[in-house]
Amino acid sequence: PATAEDESDALQSNTNNSSEPEDENIAAAAARKAVGGYESNLRYYVRNLWKGDISLFEFIDGFQKNIRSYFQEAWWQGAALCGISADEMTDEEKIRLDLETNIEFTYVVPFGQAIVEGSKANGGSLDPFLNRVGLWGNTYNRILTLGQTMACADQRGIWVLGRTEKHCFDCAGYAGRVYRMSVWRKFLEPYDALPKGHGLSCGGWNCDCSIDITNAPFTRGYPPKPVGGFKKSHEHPVVVERDLVPA
């Protein structure tokens, strides 16, 4: 059975990452470390709910605490790339972070209910639910990018391809382009097509791209509409199909 000590470990603080130097490579390593911690914590709750060692309420509470904590950390990491500290966030940024956090909360109950229905007691398999944790973890980098593009609005940003072996049409097309961060956000965010966004032709599920600060010259014109993009139906929709993706 899950113990109080186990739960304490699952809610380990992730604030140490915010003190990392702002060098791009070190920042990327810090983000990967944070994602690893985030996913580890979520797997704890998935595994123990599936086994019946914690209640659905405990699962929801634990998931939401981790979402709030790690989304905040991701935003701060993104802003720190421009030298902006947590206490310098604007009201607009705070509102947007709260919006992203609350929308992510809406996924928690359906996911928990699915785990209960497919629990060990009901003869279900744990692996499909653990596999979904990676989709939740990838959202960390999307929040980091959003925080960066808002805080670094007037700085130049270059789209850098990630470490994945194959790149989708949209990511490959944006690679090497340079625009102000505010321009990237203005033209791509309405389609949820910033790095890791679901509006990219790859769906963003395993996207490892980023928009990095650069001194390179601007690309003429503006970012083209993503081929896989969809226009947002409201201020900030989220792809509900996340938890329907086959393991």
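Residues numbered from 1 in each chain as written. Predicted model: local features only at pLDDT ≥ 70, side-chain atom pairs only at ≥ 80, totals over all residues. Heavy atoms only, no water.

Q: Could you give me a rundown of the environment of Gln113, with the residues and numbers involved?
A: When you line up the elements, Gln113 lands in helix 5 (residues 108-117). With a relative accessible area of 40%, Gln113 lands in the partly exposed category. (Helix = DSSP H or I, 4+ residues; strand = E, 2+ residues; numbered from the N terminus. Buried < 20%, exposed > 50% of the residue type's maximum accessible area, 1.4 Å probe, protein only.)

Q: Any chance you could break down the environment of Leu135 for me, citing the residues and the numbers?
A: Take Leu135: it is sitting in helix 6 (residues 127-151). Each C-alpha atom, one on Leu135 and one on Gly204, is 9.3 Å from the other, the two residues being 69 residues apart in sequence.

Q: Provide a residue-level description of the state of the cysteines, including the pertinent values.
A: Each disulfide consists of a covalent bond between the sulfur atoms of two cysteine residues. Under the defined criterion, the tally for this structure stands at one disulfide. Bridging Cys82 to Cys152, the disulfide has an S-S length of 1.1 Å. Residues Cys82 and Cys152 are joined through a disulfide that is right-handed, its torsion about the S-S bond being 75°. Note that Cys82 is positioned in the loop between helix 3 (56-80) and helix 4 (91-105) and Cys152 in the loop between helix 6 and strand 1 (156-160), a separation of 70 residues in sequence. Cys207 takes part in no disulfide bond, and the closest cysteine sulfur, belonging to Cys209, lies 4.0 Å away. Accessibility expressed as a relative area gives 6% for Cys207, which makes it buried. Cys209 forms no disulfide, and the closest cysteine sulfur to it belongs to Cys171, at a distance of 3.8 Å. (Disulfide = S-S within 2.5 Å.)

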